[in-house]
Amino acid sequence: MIATLSFSKNIQVNRLVSKTSNTSVKNAPTRGQESDELEKLRKAHEDAKKTWEEEKKELMEQISYLTEENQRCLNVLLRHSKDGQQRLEMANEGTVPDKENESPKGHRRGITQTKTIRTQHITNQNINTPIGTTNLRTLTLGQLHDVVEEIYSSKTKFDEKYFEGKLPRETMEQHMYTFLNQKYGLKNLIVEWATAIINGLRKYAAEDNDVAVFGKILKNECDEEFRFVQAQVKNTITELLKMHLKGKYPLKHATEIKDMLNSKISSSILEEEAIDIVRYMYNKDDAAYIIERLQPNLGYAKGPADTLKRGVKEDPNGEKFRIEYALFQKVILDFQMRSHDLFLRNFLSYFKGVDRENRGILDEENFRELIEILNHAGYDLDADTLLRKLDPHNFDVITFSSCISLFAAEQVSSDSNMSILQKISLESN
């Protein structure tokens, strides 16, 4: 009996093993399937490796760019920090004439040099201090606007101090580093903020006119005073829109008109309002050009605060076409900037021809070379007279913006109402 049970159990076990063996053989992958799986794994591995290498290359390029940018900012900072600090102290503490230290140039022009009552110099030890770790700071458009306005405000105050202290004027680039040095002090923070500003200018210049203008001023491609022109254009647009509303709604109270104005400024204005403002501000040809530029930005909406639907030729509900106020203002400001660029183009070419270090600053020798070139082109300018106005205290510092201001005010000749700058702008290339 025991033998019979044992034999039956062996038969069952053999059947189970046989069944399992057959199943395993049936489900086992073939040689071809294994090869396909290995090929897929190899390809996935190669793709992952290639992606990793591309990302690594991109990151290394970014690191290299940021390293070079930080070094460039640091070099500019070190170049200007000592000079900016000394001039700041001179402006804060005052100056006194020093006839004993007149230079040959000062004597030749009848100008005495100035010296500071007390000047503290930045030591070489401070300048050569390691800048430490810097962070990559990213500015939003609003933050960049705030920083630019702070720099503009600081520059205006410093220009007043320098004028009162009979000191040379800084370029906007120089003053940006002076401002950051005064505000933060630490070199790593100065480099961090300078890099953030420069990156912000590159990022937002195409979409924001204020940023574009500041970038041009920083590169000495536009005079500093042009920012006041743009501010006046903004005010003019606002005032004309206000006048339009007053004429359209004569019975409304001043408070209601103000609320309507603010609502439109923060949202959109009607196409007819935009066209009326443009035609009032510009001549026929310029107005036609600007109105054409407005067309792609037109859309319709039920009210000023509603989202515009652009690219639609007709509104099925009969709503009037509108344009976002910010876009309308940008089109006009961009037109002003392009016109100013064309106006300065010839003089900028002359100036850069003698500003070989591309600093936006000329010394007396460079300026005399500039006047010689202009006189050779048919002008009759007296270098000594112009130098006495541009550099009255003989600091050998003549900025691009100072040249623009003087040449825009000085007439070509006593019997002509045309300024030097205007005549230069009319030269054919």
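This report concerns the structure included in the present document. Numbering of residues starts from 1 in every chain and runs along the sequence as written. Reporting in this predicted model follows two pLDDT cut-offs: at least 70 for local features of residues, and 80 or more for side-chain atom pairs to be given and counted; totals over whole chains, interfaces and linings ignore these cut-offs and use all residues. Side-chain calculation: all heavy atoms of the structure are included, whereas hydrogens and water are not.

Things to note about the overall build of the protein chain
Right, on to step 1. Counting its regular elements, the protein chain contains 17 helices and eight strands.
Right, on to step 2. Accessible area is worked out with a 1.4 Å probe on protein chains only. A residue is then buried under 20% of its type maximum, exposed over 50%, and partly exposed in between. Buried residues in the protein chain amount to 38% of all 429 residues.
Right, on to step 3. Per-residue and other accessible areas were derived by the Shrake-Rupley procedure at a 1.4 Å probe size, with only the shown protein chains allowed to occlude residues. Of the roughly 25800 Å² of accessible surface on the protein chain, a fraction of 52% belongs to carbon and sulfur atoms. The way it works is that DSSP assigns letters per residue, a run of H or I at least four long becomes a helix, a run of E at least two long becomes a strand, and they are numbered from the N terminus.

Comments concerning the packing of helix α14 (residues 364-376) against helix α15 (residues 383-390)
Right, on to step 1. Angles run from 0 to 180 degrees between N-to-C directions of axes, and those axes are lines fitted to C-alpha atoms, restricted for helices to the stretch in contact. At their nearest, the axes of α14 and α15 sit 10 Å apart, and the two run at 135° to each other. Regarding the angle of α14 to α15, the classification is oblique. Crossing handedness for the pair α14 and α15: right-handed. Contact with α14, carried on its side by Glu364, Phe367, Arg368 and Ile371, involves Ala383, Asp384, Leu386, Leu387 and Leu390 of α15 and no other residues of that element.
Right, on to step 2. The classification used treats Ala, Val, Leu, Ile, Met, Phe, Trp, Tyr, Cys and Pro as nonpolar, Asp, Glu, Lys and Arg as charged, and all other residues, Gly among them, as polar. Tallied by class, the residues present in the contact of α14 with α15 amount to six nonpolar, no polar and three charged. Should an angle lie under 35 degrees it is considered roughly parallel, over 145 roughly antiparallel, and from 65 to 115 roughly perpendicular; all remaining angles are considered oblique. By convention, the crossing between two helices is left-handed when the near helix turns anticlockwise from the far helix through less than a right angle, and right-handed when the turn is clockwise. Contacts: residue pairs with any heavy atoms within 4.5 Å of one another.

Remarks on the pattern of salt bridges
Right, on to step 1. By convention in these notes, a salt bridge is any Lys or Arg side-chain nitrogen within 4 Å of a carboxyl oxygen on Asp or Glu. What the rule picks out here adds up to 18 salt bridges.
Right, on to step 2. One salt bridge in this structure joins Lys216 and Asp341, with 3.3 Å as the shortest N-O distance. Separated by 125 residues along the polypeptide, Lys216 in helix α8 (residues 209-218) and Asp341 in helix α13 (residues 325-354) bring together distant segments of the chain.
Right, on to step 3. By relative accessible area, which is 24% here, Asp341 ends up partly exposed.

Re helix α10 (residues 254-265)
Right, on to step 1. With twelve residues, α10 should reach 16 Å at 1.5 Å per residue; the first-to-last C-alpha distance of 16 Å fits that figure.
Right, on to step 2. Turning to α10, its buried residues are Ile257, Leu261 and Lys264. Angularly, the buried residues of α10 cover 65° about the axis, an arc narrow enough to put them on a single face. Expected helix span is given by 1.5 Å per residue-to-residue step, counting one fewer step than there are residues. Here, the arc refers to the directions that run from the helix axis to the C-beta atoms.

Remarks on the nonpolar core
Right, on to step 1. Only buried residues count toward a nonpolar core, which is a set of Ala, Val, Leu, Ile, Met, Phe, Trp, Tyr and Cys residues joined through side-chain atoms within 4.5 Å. In this structure, Leu144, Ile151, Leu180, Ile197 and Phe214 are the most contacted members of the largest nonpolar core, which totals 28 residues.
Right, on to step 2. Those elements giving two or more residues to this core turn out to be α5 (141-164), α6 (172-184), α7 (187-204) and α8.
Right, on to step 3. For this core, the leading source of residues is α7, giving eight residues.
Right, on to step 4. In this structure Ile151 touches Met172, His175, Met176, Phe179, Ile197 and Phe214, once residues within four positions along its chain are discounted.
Right, on to step 5. If you look at the next biggest cluster of nonpolar residues, it comprises 26 residues, including Phe367, Leu370, Phe400 and Phe407.

What about the side chain of Asn209?
Right, on to step 1. Among the secondary structure elements, Asn209 is positioned in helix α8.
Right, on to step 2. Residue Asn209 is classed as buried on the basis of its relative accessible area of 3%.
Right, on to step 3. Under the rule applied, a polar contact is a pair of N or O atoms within 3.5 Å (in protein, one hydrogen donor and one hydrogen acceptor; residues adjacent in sequence only if both atoms are side-chain atoms). In this structure the side chain of Asn209 is engaged in a polar contact, spanning 3.4 Å, whose partner is the backbone oxygen of Leu333.
Right, on to step 4. At a separation of 2.8 Å, a polar atom in the side chain of Asn209 contacts the side chain of Asp334.
Right, on to step 5. Apart from the residues within four sequence positions on either side, Asn209 is in contact with Gln230, Leu333, Asp334 and Met337.

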